[in-house]
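Spelled out from the first residue to the last, the chains are:
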Amino acid sequence: MIAILDPGVGNLKSVTKGFQRVGAQTVVVPDAAAWKALIAAGDEVQGVVLPGVGAFGDAMFQLRAAGLIPILRQVAREGRPLFGICLGMQLLFGSSQEHGRYMGLGLLPGEVVRFRDDVKVPHMGWNDLDVVRPHPLLRDIRVGDYVYFVHSYYVEAKQRDCVLAAATYGSISVPGVVGQGNVLGAQFHPEKSGDVGERILHNFVAICEDW
Amino acid sequence: MLIKRIIPCFDVLDGRVVKHVGFLHDRRDAGDPVELAKIYSDAGADELVLLDISASEQGRLATRRVVEEVAAQTNIPLTVGGGVSSVDDVRSLLLAGADKVSMNTSAVRNPSLVKEAAHRFGEQCVVVAIDANLNQTMGEYEVMIQGGKVGTGMDVIEWARRVEKLGAGEILLTSFHQDGTRDGYDIQLTRSVATAVNVPVIASGGAGRKEHFYTVLTEGRADAALAASVFHFAETSIRDVKAHVRQRGVPVRWIYQ
């Protein structure tokens, strides 16, 4: 079972549908009480997904209000696979400059910054991925595979080795897939990235099954 | 590298895809939106745009049911427009499965709607559709509303810059005078908007041959090219268009063997 955290901001349907298309069972977890009930019922949660659209500060606020921050920290600590998607990936990092300065979950080292104006913002559309570091999440992803991005801010990773795949946009190398241990993330939308995206969702499910 | 997108558009009327010659007349049936969405998605469409063309004039929101079914059938982004007049409408379509919501008449009447929607749901899901018509008296492109029936007297470039500031993440630019002609996109219009703003611009209106896509994506500086009838009536295919522009050096998402 894959638990999809939703404190009520984004559109979860496409993420849920995406995981269902690759054969995963999913459950939507809106808050800490729902998480505790799930665990208490003995449901085996093999992996956790943190999706997200909207603004960084609002999303952190919602996560906090829903009591999900300690749960995310616990998931990261106990080694259970955690996958942040789009804004959800950015939330895994230390801080963001979106509309001010906000602290993130700090599970990965880096800062979320805005694109400069020498490129069109948002970075919207299909961009190819360069695999920087082979990883089970990137199994069967080949040179020239395109994925769908839509974001105005990107991660400046503090440690390059947490970047697994990158996308070149203008002069910037945008971290596309990140990971350190069990904490993983994709800046693009795998659930909207055609067959290539489905391969990545499938790979995450396989990682969860191995856990 | 970010590639140029090729986007089929569905004009939906009473649950069916229709294509009309010019904005106002001669509608022809092109099929079931859910079926077409699946076909185009498998054929290599980079995105889908679904516009409920009667919603606005009937004072209602685009049909949620169609949006839900189309979203369930596809694994590529979906933009939906038609009758969006409040933040709640935007939310409703996003919850139905739209990734982006397009506003046109309501953005002109109430520009703060663009700002509010961008603030609540993020700029990335707010598309402002601009219908442009060459106004001989003004000597400029004029913003049209209500499906092209009503002129606003507003200059297209100024309006495009303004909606960008308000938080639109993308502009869907239709040349009203070219729409349905199949004579090609309005290159001058597209280029002047695409170079005036720093958000992606989707060119629409006038596609008839694969060469037209090449021209609007290069000379016209469009980030994406949208077309309806040329695809619906199989005059060209998404693969043919992509093969053509790719061979002439424009990067596209190539999913074919």
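Being a predicted model, the structure only gives us computed values, none of them experimental.

Rules used throughout
- Residues numbered from 1 in each chain as written.
- Chains lettered and ligands numbered in written order.
- Predicted model: local features only at pLDDT ≥ 70, side-chain atom pairs only at ≥ 80, totals over all residues.
- Heavy atoms only, no water.
- Buried < 20%, exposed > 50% of the residue type's maximum accessible area, 1.4 Å probe, protein only.
- Helix = DSSP H or I, 4+ residues; strand = E, 2+ residues; numbered from the N terminus.
- Pairing = 2+ DSSP bridges.
- Right-handed = clockwise from strand over helix to strand, strands pointing away.
- Contact = heavy atoms within 4.5 Å.
- Arc of directions from axis to C-beta.
- UniProt positions renumbered as here; feature names shortened; annotations may be inferred.
- Polar contact = N/O pair within 3.5 Å; in protein donor to acceptor, adjacent residues only side chain to side chain.

Draft legend 1. Broad picture of the pairing of strand β10 (residues 170-175) of chain B. All names here are of chain B. The buried fraction of β10 amounts to six of the six residues, a majority that puts the element mostly inside the structure. Judged by which residues are buried, β10 turns out to be covered on both faces: E170, L172 and T174 on one side and I171, L173 and S175 on the other are all buried. Across six bridges, the pairing between strand β7 (residues 126-135) and β10 is parallel. Bridge pairing in β10 places D131 opposite T174. For β10 and strand β11 (residues 201-204), the ladder comprises four bridges, and the chain directions are parallel. Paired with T174 across the strands is S204, a residue of β11. In this fold, the crossover linking β10 to β11 by way of helix α7 (residues 187-196) has right-handed handedness.

Draft legend 2. Region of the structure containing the side chain of R80(A). Along the chain, R80(A) turns up in the loop between α4 (69-78) and β4 (82-85). Sequence-distant contacts of R80(A), defined by excluding residues within four places in its chain, comprise W35(A), I39(A), V45(A), Q46(A), V48(A), V75(A), N182(A) and W211(A).

Draft legend 3. Quick peek at helix α3 (residues 56-65) of chain A. Residues and elements named next belong to chain A. Restricting attention to buried positions, one finds in α3 the residues F56, G57, A59, M60 and L63. Looking down the long axis of α3, one finds its buried residues gathered within 165° of arc, a one-sided arrangement. Seen from the buried face of α3, the exposed residues on the opposite side, beyond 90 degrees, are F61 and A65. Positive backbone phi, approximately 75°, marks G67, located one or two places after α3.

Draft legend 4. Region of the structure containing the UniProt feature "active site" (unreviewed entry) in chain B. Residue and element names in this part refer to chain B. The feature "active site" (unreviewed entry), as given by UniProt, occupies D11 and D131 in the numbering adopted here. Along the chain, the position of D11 falls in strand β1 (residues 5-13). Turning to its location among the elements, D131 is positioned in strand β7. Take D131: its relative accessible area is 5%, and that puts it in the buried class. Within the local environment of D131, its side chain forms a polar contact with the side chain of N104, the two groups lying 3.2 Å apart.

Draft legend 5. Spotlight on the sheet that holds strand β5 (residues 95-96) of chain A. Residues and elements named next belong to chain A. As summarised here, the arrangement of the four strands in space is β6-β5-β7-β11, forming an open sheet in which the pairing is mixed. Of all the strands in the sheet, the pair left with one neighbour each is β6 (102-103) and β11 (153-157). Where strand β7 (residues 110-114) meets β11, five bridges bridge the pair, whose relative direction is antiparallel. Bridge pairing in β11 places R114 opposite Y153.

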